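Descriptive structure summary
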Amino acid sequence: MRAAAGEQFVRRLEQQRRLEIGEELVVLEDVLAAVEFPPAVLVVGIAKLRRNRLEVGVLEFVAAEVDAAGGSDLVDRAHRQIDPVFVDLYRFVHQVVDVLRERMFDTHLGEDDGSERQKMWRREIDRWTETERNHLFPRAKRGRMDVSQQRLRTDIETNATFGSTESETGHGRTVLVGTEANRAARDRFVDRSKEADLSVEVDAVGNIAATWTPPSADPDAAPVAVGSHLDSVPEGGIFDGPLGVYGALEAVRGLQEEGVEPARPITVVCFTEEEGTCFGGGMLGSAVATGQRGVDDALALTDGEGTTLEDALTGIGYRGEGRLDASAWDAFLELHVEQDTRLERADVPVGIVTTITGISQSTARVVGEANHAGATPMDERRDALAAASEFVLELERAGRDHALAGENTAVATVGGCDVRPNATNVVPGEVELGVDVRDVDYETMTAILERAEQSLGRIGDERSVETSFALELELEPAPMSDRCQRAFEAGASEADVEALSMHSGAAHDAMRVARVTDAGMIFAPSRDGISHNPREWTDWEDCATATRVLAGALAELSSE
């Protein structure tokens, strides 16, 4: 009976062809083409839309036709026999809302020009979409995700004992790749993963992947990956990295205990050498996993003592085989401490990252003439440090100008300075500066760099010194996927947690992964914005709250 009624209903819809939604006309045949499901499911789905009253409104025509097709009765009987049709119905409603979302984009945005106005509208439409999706079809068999704050705390505190450093002001640790502390941290993560019934693999550069494949999951489906890193800077804090790794593991344990049945595997990842303290300049493991750096090239890297990465990993038993392939993931999520004060100032427990800033690092050189500090008249000096100092201030002005002209996301820093001969009684003859420029907009980064190089050349001419400017590293900004941001918003909504959309001013593994698959990132608050320091601190309740949001996002993505 349901199939016959459904077929009749679809024929009537095809004759009418159009639904009025707000001020828009949606061509029904487009909708039907986008949601290819059995007629009975279509009837139940549209009846569901009507029953829950989509806020933008649907013509009374739909209500009449649903009733004519026995829609109310079909809905009731479908709920009594929910298992056979639940998955199709769930997907149907999601797809209908997605179609409406695209129509809203077309109506309100037009051609994407990258403007701030369009970005604002896109965010608002995405929020509306997720609200309506949840309103029309609440997630069945899943309540509020819960995690164990005490278990998460124990994991992070135990991890903090590996490479712990003495500090009167906080909790420090030094965990460098290839050290005994690094081996101990890896061993415990592997053990804890196996205790949670995750299968563990280690690739050639030491990346660890611990995968949960429950009976509900298709073992051949692309997994949703989640994680961070366990290495640290010298005398760093206990949350930077480990919160992301153990928060990911705790999120999986929470899903297991809630009885969530994902449709695809979930992989918890621990990347090698994110900090770049010893090998490769940062985010090395994720660079290899995304194909941005070759395995052999990475293994041949050496630390300050001449030890290769291959020997360092072999020495601790974590030189595995093959290459972790991030492009094979359905999505990747990362939880991290904010390392800034925006969440703390706003009194919001979770930040959803919209874009990870781009980074450029350059070397500015100034060559003058070293000479006697007492015997060289001021008007005859070619002082390299004085010229370099003028450049530092010019760069600061350029960064400030672009920050004020934009959304205050641009930053420009001279963080390194090597002066030669570096003697008090000698006019400096040569200076090398390390220049760091970041922004979420690549064109702004380029503009600051161009202005910096022009300023350096002008200063050289005015002060009769030689100058050069060389770009050493460039990473373009990495937008986080809309899909992952929506999953985090859904997770925050389920957890009844306020979340703030924000950019990341620091680099993270997620920006590497975003080049090859959908990626998303959330932040937990950092007290006073301090990180890479024993005083780094995130309240345990905030750690658990962010992990709960992470678990909700994992449940959302792994059910697709």
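Structural notes, computed from the coordinates. (Residues numbered from 1 in each chain as written. Predicted model: local features only at pLDDT ≥ 70, side-chain atom pairs only at ≥ 80, totals over all residues. Heavy atoms only, no water.)

**Focus on the pattern of salt bridges**
The final tally for this structure, using the stated rule, is 31 salt bridges. Salt-bridge contacts for aspartate 155 lead to arginine 192; the nearest nitrogen and oxygen are separated by 2.9 Å. Here arginine 192 lies in helix α9 (residues 180–195) and aspartate 155 lies in helix α8 (residues 149–159), a separation of 37 residues in the sequence. Its relative accessible area of 17% is what places arginine 192 among the buried residues. We note a salt bridge from arginine 458 to glutamate 394, for which the minimum N-O separation is 2.9 Å. Taken together, the residues span a long stretch of sequence, with arginine 458 in helix α16 (residues 442–463) and glutamate 394 in helix α15 (residues 384–405) at a distance of 64 residues. Shared partners join several salt bridges into a network, and the residues in it are Arg151, Asp155, Arg188, Arg192, Glu195, Glu250, Arg253 and Glu257. (Salt bridge = Lys/Arg side-chain N within 4 Å of Asp/Glu carboxyl O. Helix = DSSP H or I, 4+ residues; strand = E, 2+ residues; numbered from the N terminus. Buried < 20%, exposed > 50% of the residue type's maximum accessible area, 1.4 Å probe, protein only.)

**Describing unusual backbone geometry**
The peptide bond linking arginine 420 to proline 421 adopts the cis configuration, its omega dihedral lying at 5°. Among the secondary structure elements, proline 421 is positioned in the loop between β13 (411–420) and β14 (426–427). Its identity is not glycine, yet aspartate 197 carries a phi of approximately 65°, on the positive side. With respect to the element layout, aspartate 197 can be found in the loop between α9 and β5 (199–202). In this structure, glutamate 235 takes a positive phi of about 55° despite not being glycine. Relative to the helices and strands, glutamate 235 resides in the loop between β7 (224–229) and α10 (242–258).

**Here we look at the packing of α8 against α9**
Two numbers describe how α8 lies on α9: the axes approach to 10 Å, and their chain directions differ by 155°. In terms of axis orientation, α8 runs roughly antiparallel to α9. Here Arg151, Asp155, Thr158 and Asn159 of α8 lie close against α9, whose contacting residues are Ala185, Arg188 and Arg192. Looking at the contact of α8 with α9, its residues break down into 1 nonpolar, 2 polar and 4 charged. (Axes fitted to C-alpha atoms, helices over the stretch in contact; angles between N-to-C directions. Parallel < 35°, antiparallel > 145°, perpendicular 65-115°, else oblique. Contact = heavy atoms within 4.5 Å. Nonpolar A, V, L, I, M, F, W, Y, C, P; charged D, E, K, R; others polar.)

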